[in-house]
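Listed here are the chains, written in short residue letters.
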Amino acid sequence: MARWCYRHRLVVLLLWVGALFGLGFSASTAGTDYANVFSLPDTDSKKAYDLMEKAFPASAGDTDTVVWKVDEGSVRDQDVRSRIQPALEKIAGMKGVGGVTGPYAADAADTAQISGDGRIAYAQITFTEQANAVPKELVQDVVDTARDAGRDGLEVEVGGQAVQRVQEPPTGLAEMVGLAAAAVVLFLAFGSLYAMLLPLAVAVFGVGMGLFSTQLLSHVTDIPDLAPLLSSLIGLGVGIDYALFIVTRHRKGVLRGLDPEESTVVALNTSGRAVLFAGGTVCIALAGMLVTNLRFLDGVVIGTSLTVVLSVLAATTLLPALLGFLGARVLSRKQRRVLADGGTSRSSEVESGGGPEPEKESGPAARWSVGVQRRPKTIAALALAVMAVLALPVLSLRLGATDQGNDDASTTTRQAYDLLAEGFGPGFNGPLQVVVDGGDATALAQDIKNTPGVAQVAALPPASGVTVIQVVPTTSPQSAETDTLIDRLRDDVIPQAGAQAHVGGVTAVSKDFATVTGDRLPLFVATIIGLGFLLLLVAFRSLVVPLTAAVMNLVAAAASFGVLVAVFQWGWGLELLGLGKEGPINAFLPVIMLSLLFGLSMDYQVFLVSRMHEEWVHTRDNARAVRVGLAETSRVINSAALIMVCVFLAFVLSGDAGAAMAGVGLAAAVALDAFILRTALVPAAMHLLGDSNWWLPGWLEKRLPHLAVEPKEEAAPTTVAAGEGPASVVHGYVRDTAGEPVEGARVALVARDGRELDRVTSLADGSYILSVPAPGTYLLATTAEPLLLKRVRQLTVTGEPLVHDVELEEGAEVS
């Protein structure tokens, strides 16, 4: 597949461009039909909703609110009415507005739409469409008309879901900022403009097609309006990261002398397979949300999973085609010059400074890896202490729902919310609806009025045997006292009155959603942790490695939720960051965050431990395996994590409180997972556990299926001109400049295309022996530690065994 895409790159590119523009045209023509469906079977609020829908069919359109306040006098004063009433009449005459209900109607002399002190009043605007279908131009006209009526001493604000949509930043702003930040990181990592553009292009195609597809699917199934935001957030992160892994492997292949086409094929056959595995684990983790049986999350699963699948598809088909267009330009100019100089050299020895490059095991990553090996207890203790401190706030976690009271203080929706709370009480923004379908509704209304925590009670005229009692609490919709009032009404007041009644309304629905989510969260956590354990068990043939990963996932989740609680629930830095007002954590966020954290941490765990496992299989030396695995993978893991952190944090600019909360939470989770757990705590723990990391009972080993996450590159025979011949060997001694034998040196036979064919460790007398598949020209790479000395030489092997001694000099250290 990779070779076909490389050779037919123009066809592949045209197919992707055509698909993107085709879906985009279809989606723009069809429009959107997102729906937030909080279906909670067997909950009290759902029963109340069903009765309300039967007796009082809901209005077809969205209802928003205009609120005004005078500094002096009363809103009943003629000068106030002369400014507000014409504005309301103008709004009522706009096409798309069904009606306006205000306090200045002829029959509304003592209306409840004016506060007790007469300084605040409100009017309700009913649109003919739901909030997401109301044209933004109409909503903006309503907002401008209402606010133009204000003057010094008269403040006018507008609140509601439709209004909230028009005050959001331009669509795509968060995505563009995330892409720009990712571009900077990629350029620093690659040093090449063309290489930087590749992951960005893959992410744009994957996310674009995912968003258009999700928009079209919103017409056939219930998809919440949060789904496209989360889809783009996750799609950008994984799309860029997956392409980064493949491009990194491809660049290494080209640097080691592979033809660009062969390097592309090798990269897709190795890192491409890992990307398929990683994308599959993310989708499986997302599908784990379905075990919660929360219908609201079904659309989120559909949108995010579809975007991840399309991002993986772009990385494995579109990316090879783009690599075909670039050829060797995927390298920086300096790297291309070095490669060209090495290619024209006729020297029989290839040092590390020119020609095809061997893989390097030095630099900051190698020094950090050696440091972790020398001080595993100290590093593990420090990492655990940091994670424990960050996790402490999670003990105060309270689930709920955000509303316009959490918007930024400068927005008109937040100011309208605050004015309503000031004039009519904190609970006015989230009234409860007690729906009575049996018993004495009048007596129940009186009992509710006498209940502590109730500010106002009003019984509406009955219809179809159903009476609705509007209850305004004394506390805000998000306060714990309001939750306590709901429980008191359900558990004490209603049963004592002998009525058949249910407590509903937006506030009650939010509380029930949080309760159901909290009750089902343990099952969800057990499902995804168990799934991750089984996947890693099969991949690495070990019980300890997956157990360690499971514990680390829980630690990362606790610490990231601790950050969320400190920022969004306690309000640390909220105003400084322009993220609005503190409140409870969105009830759906733990499920979404845990799903994504599981999937993304599995990516990093597989990438890290697969290299360790490969080294362990060859050497049976745990310390070496952990050290080499960390040294060779930590840079790519940290680069990938940094890109995701930039993308996730950019969604603070989305204008959506839920998306901002998810962005900060996921950024914290990825940063802690990559920078502390995978590069410090996991390797330190593996050093402390020793060889037990790789223990697996024999009976279990025989029964487990074999799963190759990233198969070894198969070596193609490299022969001399005479043709293929018999296998042979290279043997000799590794010595230092004084002629002393070097024990424990790593000696590897590498094909000229960069593929490792055999590897051994020198014995106490410095001797080594390597198998050669066939006569030909090879590279012999020798590394000695702890000085990290490395020597690469070119050898020509015939059908006879070749004796070759290696002398390691002090000046051979790899920089």
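Residues numbered from 1 in each chain as written. Predicted model: local features only at pLDDT ≥ 70, side-chain atom pairs only at ≥ 80, totals over all residues. Heavy atoms only, no water.

### Examining the confidence of the model for the chain
Low pLDDT means the predicted coordinates in that region are not meant to be read closely.
For step 1, the next point in the chain: On average, residues of the chain score 82 in pLDDT, and 89% of them reach the 70 mark or higher.
For step 2, the next point in the chain: Here helix α12 (residues 333-344) is the element of the chain with the lowest mean pLDDT, 67, and helix α14 (residues 376-391) is the one with the highest, 95.
For step 3, the next point in the chain: Scored below 50 in pLDDT, residues 713-724 makes 22 contacts in the model with residues more than four places away or belonging to other chains.
For step 4, the next point in the chain: Low pLDDT, under 50, characterises residues 811-815; the predicted model gives this stretch 11 contacts beyond four residues in sequence or across chains. (pLDDT = per-residue confidence, 0-100. Helix = DSSP H or I, 4+ residues; strand = E, 2+ residues; numbered from the N terminus. Contact = heavy atoms within 4.5 Å.)

### Some thoughts on the packing of aromatic side chains
The description of an aromatic ring pair uses the distance of the two centres, along with the angle that the planes make with each other.
For step 1, the next point in the chain: With the rule as written, the count across this model stands at seven aromatic pairs.
For step 2, the next point in the chain: Every member of this aromatic cluster is reached through a ring pair, and the members are Tyr 122, Phe 424 and Phe 428.
For step 3, the next point in the chain: Positioned over the ring face of Tyr 6 is Arg 9, at 5.3 Å from the centre of the ring.
For step 4, the next point in the chain: When the ring centre of Tyr 194 is taken as origin, the NZ or CZ atom of Arg 329, which lies over that ring, is 5.4 Å away. (Phe/Tyr/Trp six-rings, centres within 6.5 Å; stacked < 30°, edge-to-face > 60°. Lys NZ or Arg CZ within 6 Å of the ring centre and 35° of its normal.)

### Quick word on the packing of helix α10 (residues 260-287) against helix α21 (residues 589-619)
For step 1, the next point in the chain: Taken N-terminus to C-terminus, the directions of α10 and α21 make an angle of 160 degrees; their axes are 8 Å apart at the nearest point. Classed by the angle they form, the pair α10 and α21 counts as roughly antiparallel. Crossing angle aside, the handedness with which α10 passes α21 is right-handed. Contacts from Phe 277, Ala 278, Thr 281, Val 282, Ala 285 and Leu 286 in α10 reach Ser 595, Leu 596, Phe 598, Gly 599, Leu 600, Met 602, Asp 603 and Val 606 in α21.
For step 2, the next point in the chain: When the residues that make up the contact of α10 with α21 are grouped by side-chain class, the tally is 10 nonpolar, three polar and one charged. (Axes fitted to C-alpha atoms, helices over the stretch in contact; angles between N-to-C directions. Parallel < 35°, antiparallel > 145°, perpendicular 65-115°, else oblique. Left-handed = near helix turned anticlockwise from the far one by under 90°. Nonpolar A, V, L, I, M, F, W, Y, C, P; charged D, E, K, R; others polar.)

### As for α14
For step 1, the next point in the chain: Over its 16 residues, α14 runs 22 Å from end to end, which matches the ideal 22 Å to within 8%, given 1.5 Å per residue.
For step 2, the next point in the chain: Turning to α14, the residues buried within the fold contact α13 (364-374), α19 (544-569) and α23 (657-689). (Expected span 1.5 Å × (residues − 1).)

### What about the sheet that holds strand β2 (residues 97-101)?
For step 1, the next point in the chain: On the basis of which strands lie adjacent, the open sheet formed by four strands has the order β2-β3-β1-β4 and antiparallel pairing. Strand pairing shows two members of the sheet lacking a second neighbour, β2 and β4 (154-159), which therefore form its edges. Adjacent strand axes in the sheet meet at a mean angle of 20 degrees, parallel and antiparallel pairs treated alike.
For step 2, the next point in the chain: Pairing of strand β1 (residues 63-70) with strand β3 (residues 120-127) involves seven bridges; the strand directions are antiparallel. (Pairing = 2+ DSSP bridges.)

### Considering the side chain of Ser 767
For step 1, the next point in the chain: Inspection of the secondary structure puts Ser 767 in strand β14 (residues 767-772).
For step 2, the next point in the chain: Leave out the neighbours within four places in its chain, and Ser 767 touches Gly 732, Tyr 733 and Ser 762.

### Section: the environment of Lys 581
For step 1, the next point in the chain: You can see Lys 581 is positioned in the loop between α20 (574-577) and β10 (585-586).
For step 2, the next point in the chain: When the C-alpha positions of Lys 581 and Val 567 are compared, they lie 10.0 Å apart, and in sequence the two are 14 residues distant.
For step 3, the next point in the chain: Look past the residues within four positions of Lys 581 in its chain and what remains in contact with it is Gly 405, Asn 406, Asp 407, Arg 414, Leu 574 and Glu 575.

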